[in-house]
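Understanding the architecture of this molecule
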Amino acid sequence: MKLSLLPRILIAIVIGTLLGLIAPAWCGRIMATFNAIFSQFLGFMIPMIIVGFVAPAIADIGGRAGKLLVATAAIAYIATFMAGILSYFTGTLTFPSLIGGEESIAISENASQLLPYFTIEMPPLMTVMTALVLAFMLGLGMAFLNGKSLKNGFSEFRDIVSKTIDAAILPLLPIYIFGKLLSLSVGARKAWK
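On a predicted model such as this, the values are computed, not experimentally measured, just so you know.

1. Some points on the overall build of the protein chain
Helix and strand counts for the protein chain come out as six helices and zero strands. Beginning at the N terminus, the succession of helices and strands in the protein chain can be written as α-α-α-α-α-α. Each principal axis of the C-alpha distribution contributes one length, and for the protein chain these read about 65 × 45 × 35 Å. Looking at the 193 residues of the protein chain, the share that counts as buried comes to 25%. Entry remark: accessible area of the protein chain is about 12,600 Å², with carbon and sulfur atoms responsible for 74%. Looking at charge distribution, the protein chain has the averaged site of its 13 positive side-chain charges lying 9 Å from that of its 8 negative ones.

2. As for the layout of surface pockets
If a probe the size of a water molecule is rolled over the atoms, the empty space left behind becomes visible. Taken as a whole, the second largest pocket spans an internal volume of roughly 210 Å³. In this structure, the second largest pocket is lined by L69, T72, A73, A76, Y77, T80, M129, L132, V133 and F136. Every element with two or more residues in the lining of the second largest pocket is listed here: α3 (65-98) and α5 (128-145). A per-element tally of the lining of the second largest pocket places α3 first, with six residues. In terms of residue class, the lining of the second largest pocket is built from eight nonpolar, two polar and no charged.

3. Overview of a nonpolar patch on the surface
On the surface, L3, L6, L10, I11, I13, V14, I15, L18, L19, L21 and I22 cluster together into a nonpolar patch covering about 980 Å² of accessible area. Looking at where V14 falls in the secondary structure, it is placed in helix α1 (residues 5-20). Under the relative-accessibility criterion, V14 is labelled partly exposed at 48%.

4. Here's the deal with α5
If you check α5, its first and last C-alpha atoms are 25 Å apart, about what 18 residues at 1.5 Å a residue would give, namely 26 Å. Within the span of α5, buried status applies to A131, A135, L138, G139, M142 and A143. An end-on view of α5 places all buried positions within 130 degrees of arc, on one side of the element. Along α5, the residues that are exposed and aim more than 90 degrees away from the buried face are M129, M137 and L145.

5. Structural notes on helix α2 (residues 25-61)
Taking 1.5 Å per residue as the helical rise, α2 with its 37 residues ought to reach 54 Å, and the 52 Å between its terminal C-alpha atoms agrees with that figure. The largest bend along α2 measures about 30 degrees and falls at M45, with the proline P47 one to four residues further on. At the exit of α2 stands G62, carrying a positive phi of roughly 90 degrees.

6. A closer look at the packing of aromatic side chains
For the structure on display, the rule yields four aromatic pairs. Aromatic side chains F34 and F38 sit 5.8 Å apart centroid to centroid with 10 degrees between the ring planes, which places their arrangement in the stacked category. With F34 and F38 both in helix α2, this residue pair falls four residues apart, about one helical turn. Under the relative-accessibility criterion, F34 is labelled partly exposed at 25%. A residue is classified by how much of its surface remains accessible, and F38, at 4% relative accessible area, is buried. Geometrically, the ring pair formed by F154 and F157 is edge-to-face, given 6.4 Å between the ring centres and 85 degrees between the ring planes. Placement of both F154 and F157 in helix α6 (residues 149-192) is noted, with a separation of three residues, approximately one turn of the helix. On the basis of relative accessible area, F154 is assigned to the buried category, the value being 14%.

Cut-offs and rules
Residues numbered from 1 in each chain as written. Predicted model: local features only at pLDDT ≥ 70, side-chain atom pairs only at ≥ 80, totals over all residues. Heavy atoms only, no water. Helix = DSSP H or I, 4+ residues; strand = E, 2+ residues; numbered from the N terminus. Buried < 20%, exposed > 50% of the residue type's maximum accessible area, 1.4 Å probe, protein only. Areas by Shrake-Rupley, 256 points an atom, 1.4 Å probe, with all protein chains shown as cover. Lys, Arg positive; Asp, Glu negative; His and termini not counted. Charge placed at Lys NZ, Arg CZ, Asp CG, Glu CD. 1 Å grid on protein atoms, 1.4 Å probe; cavity = no way out; pocket = protein on both sides within 12 Å on 5 of 7 lines; lining within 4 Å. Points joined across faces, edges and corners; volume = space filled by probe spheres on them. Nonpolar A, V, L, I, M, F, W, Y, C, P; charged D, E, K, R; others polar. Patch = residues over 30% accessible without salt bridge, like charges linked within 9 Å, V, L, I, M, F, W, Y side chains within 5 Å. Salt bridge = Lys/Arg side-chain N within 4 Å of Asp/Glu carboxyl O. Expected span 1.5 Å × (residues − 1). Arc of directions from axis to C-beta. Bend = angle between axes of the 7 residues up to and from the residue. Phe/Tyr/Trp six-rings, centres within 6.5 Å; stacked < 30°, edge-to-face > 60°.

Dropping the structure here:
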């Protein structure tokens with residue numbers, strides 16, 4: 001029986017939390033090593049995902065892309081601003097009563113984070129904002145110029161990114177979440193000793 005992504009993630013959360021209560025520290029460090037490498041890979045892939053999906057999508061819209069892009073950006077910025085205001089007031093009103101002062105500070109100071117055995121640096125080719133601006137610029141350019149060669153190239157790049165997500169990111173995501181919770185549980189157990 002093949003499970004979809006959400007049940008696999010839920011199973012990874014439960015098993016990672018429970019196994020972390022009894023697993024040795026070296027097991028947690030192995031998972032911390034996997035998580036460090038996978039995090040680097042995700043950080044590398046995020047700008048590729050943005051360029052690979054946004055630029056061809058804008059190009060596929062065609063001549064209306066400029067107006068739709070401005071409307072979408074305006075809605076996104078307004079929603080982000082409103083979410084920020086809502087978060088600020090929610091935090092201001094509720095956090096002081098939820099956070100218990102010095103006791104929680106003492107617990108957080110004692111928390112021990114497991115370090116990976118090694119990491120592999122995979123710096124992204126560009127920042128997220130650079131990827132967004134590049135994707136918008138290329139997408140609008142392809143939409144207004146009606147050229148086929150660059151549009152076909154970005155469609156193929158989108159397919160490459162999609163295959164990478166399907167073959168590497170989605171299958172390893174439950175293991176990543178399992179490793180995070182295992183490492184946190186082992187680290188918390190060590191801190192309480």
